[in-house]
Structures are given as structure tokens and as C-alpha cells.
Amino acid sequence: MKKGDFLIILLIAVLEAALMAVFLRGPSPGGVAVIELDNAPVHSVPLDGGDRDYEIQGAHGQVVVSLRDGRVSFSESSCPDQTCVRTGRLSRAGQTAACVPNRVLIRIDGAPDGGPDVVLR
Amino acid sequence: MAAAFVLSWLEVVLPLSLPVPGIKLGLANIATLIALYKLGVLPALSVLVSRCVLSALLFGGVTQLLFSLTGGLAALAVMALLRRAPVFSPYGVSIAGAAAHNIGQVTVAVVLMQTPSLYSYLLFLLPVGVLTGLLTAFVFRLCERIKI
């Protein structure tokens, strides 16, 4: 291994750190879960709202998106592999879960007042 | 030269018969790396494209072809650029290729699903890529010694 190799590894590590700063932030107060069907938003759900279920007719069948205790997840889905259900609960800005056969996406956005997505220091 | 061609043809076929997801990728890249260092960019390109097309025809669909071709072409471009510089050994070139491959593939997913946050997949893909890059280059080194 030569000097340049370590530079490459260093660059990848820097990229990894940047990704962590963007995607691994703490719980977002006032976060909003956006539920999309076919790339179009159908629901915008503040995470601090009461417990609710949303039934959505996807391309494959029905999915149920549930909000419990400030966390949102796929609680049921018609899809064969159930990857979406196994993704678990989302609560932090930047997190996503998707049911590809049903074309349904859950995405957590920052505070609805338009808080910054990334802060560079 | 002819021996090298036969060898790289063999290596294209071999990876196809070992479709364990992560490992298959690594093995196929050994062929690309050897072709690139021993034969040049164009032979490496043809090995890559034929490998991707064959694999997609036998195992996957158009989506798989799109992903593997994008990742492979990105990796080849980066590796072709880096291999000339004496500061990089095949290890660095291979690692850079693996990173380019992963970034390329995740970008395809982001474009298809219109979801930039899918880049979070790189959080675990990049470190794994460094490891497979090292492994691929290691096997390449072994093959070099065996041939001589």
C-alpha cells in the first residue's frame, strides 16, 4: 500500500463523517412525517400529534401508516416481503421508510417552520 | 496476451456461477481490475459491459442492469484515472473504485425514487466497500504472482 491509498481512505472517511452529520441527528422536535404515494405527498403529519392510523391504497394493495408516541411506521402492508413493516419506527429528520411495491414513502422532514436541513460550521 | 484474455473470460464466467450477493460483486471486480492493469481501459470496459449484460439476462432484469452498469462504469472511470498515478497502488485504486461503484448505484436509486435521503445507505455501504476493495486488490496481487 502506498501513501495515495491512505489519502483515498481518508477521503472516504471524511465523506462518511459528513453523511453521519446529515443523517444521524438527534430527535427533531416539531418534526413532520410526510407520506407520499407515487412521489406525491398525500399526508403531512406532525409527529407530536395524537396517535393515528392512515390507510393508503397503494399500487399493490393497502398499507397502514401509524403514528404512535411521536414515531411513525408501516404497521401493515399488502406487500409480499414486508421490508417496509420491518423498517421500524421513524422519528428523526432525514429518516425514510418505503414500500416499493405499493409506491408509498414515509419521510421525516424538519420543523414545519422550515428549519435548516443541514448546518455547516 | 491471449492467455490474459482467456483468463479474464474465465473470471467473467466464474463470478456468475457464485451468485452470493455481496461476494459475487467482489469476484467480478477482480476480473475488471486485472483487465484494467494488464490489458487496458477498453478491454476492461468490454469485460465489464459483457459481464453486466450477461448477469442481468440470466439473473435479474432491466433494473439490475441499470444499477450494475452505472456502478461498474463509475468504478471503471475512477480506477482508469487513478491507476496511472504512482502514488496509488492497486489497493487504493480498488478502494476508490468500490466507493465510486457504491456512490453511483445509490445515486441511481435516489434518482429513480426521487428521494435524496436514500444517500443514507452509503453510511454502511462505504465502509463495506473499503473492505471489499482491499480484498479484491489482494486477490489481484495473488493472481499476479501466480501468473509469473
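Residues numbered from 1 in each chain as written. Chains lettered and ligands numbered in written order. Predicted model: local features only at pLDDT ≥ 70, side-chain atom pairs only at ≥ 80, totals over all residues. Heavy atoms only, no water.

> Before we go on, may I ask you to explain the interface of chain B and chain A in this structure?
Size of an interface: often given as the accessible area lost when the parts come together. Each partner contributes to the interface: chain B provides 25 residues, whereas chain A provides 20 residues. A combined buried area of about 1800 Å² lies between chain B and chain A, and 74% of that area is made up of carbon and sulfur atoms. Seen at the junction of chain B and chain A, the total is zero salt bridges. At the junction of chain B with chain A, the criterion picks out four residue pairs in polar contact (both at pLDDT 80 or more). Counting only elements with at least two residues in the side of chain B that touches chain A, the list comes to helix H5 (90–113) and helix H6 (122–147) of chain B. Sort the elements by how many residues they give to the side of chain B that touches chain A and H5(B) lands first, with eight residues. Across the side of chain B that touches chain A, the residue classes tally to 19 nonpolar, six polar and no charged. (Contact = heavy atoms within 4.5 Å. Buried area = accessible area lost by both parts, 1.4 Å probe. Salt bridge = Lys/Arg side-chain N within 4 Å of Asp/Glu carboxyl O. Polar contact = N/O pair within 3.5 Å; in protein donor to acceptor, adjacent residues only side chain to side chain. Helix = DSSP H or I, 4+ residues; strand = E, 2+ residues; numbered from the N terminus. Nonpolar A, V, L, I, M, F, W, Y, C, P; charged D, E, K, R; others polar.)

> In this structure, what is going on with the packing of aromatic side chains? I would like to understand it.
We describe a pair of aromatic rings using the distance from one ring centre to the other and the angle between the two ring planes. Residues and elements named next belong to chain B. Evaluation of the coordinates by the stated rule reveals two aromatic pairs over all chains. For the ring pair Tyr37 and Phe140, a centre distance of 5.2 Å and an interplane angle of 35 degrees mean the geometry is tilted. Residue Tyr37 is located in helix H2 (residues 21–38), and its partner Phe140 is located in helix H6; the two are separated by 103 residues in the primary sequence. Relative accessible area serves as the criterion here: at 1%, Phe140 is assigned to the buried category. Between Tyr121 and Phe124, the aromatic rings sit 5.8 Å apart at their centres with planes inclined by 55 degrees, giving tilted as the arrangement. (Phe/Tyr/Trp six-rings, centres within 6.5 Å; stacked < 30°, edge-to-face > 60°. Buried < 20%, exposed > 50% of the residue type's maximum accessible area, 1.4 Å probe, protein only.)

> Got a minute to help me understand the side chain of A:Glu16 in this structure?
Following the sequence through the fold, A:Glu16 ends up in helix H1 (residues 3–23). Although A:Glu16 is buried, it makes no salt bridge; A:Arg92 carries the closest opposite charge, 13 Å away. Once residues lying within four places of it in the same chain are set aside, the contact partners of A:Glu16 are B:Leu122, B:Leu123, B:Leu126 and B:Pro127. (Lys, Arg positive; Asp, Glu negative; His and termini not counted.)

> What is the right way to look at the pairing of strand S2 (residues 40–46) of chain A in this model?
The side chains of a regular strand alternate, residue by residue, between the two faces of the sheet. All names here are of chain A. Judged from the six bridges that link them, strand S1 (residues 32–37) and S2 form a sheet pairing that is antiparallel. When the sheet's bridge partners are listed, Ile35 is paired in S2 with His43. The antiparallel pairing of S1 with S2 creates a hairpin that spans two residues between the two strands, and Asp38 there sits at a positive phi of about 55 degrees. (Pairing = 2+ DSSP bridges.)

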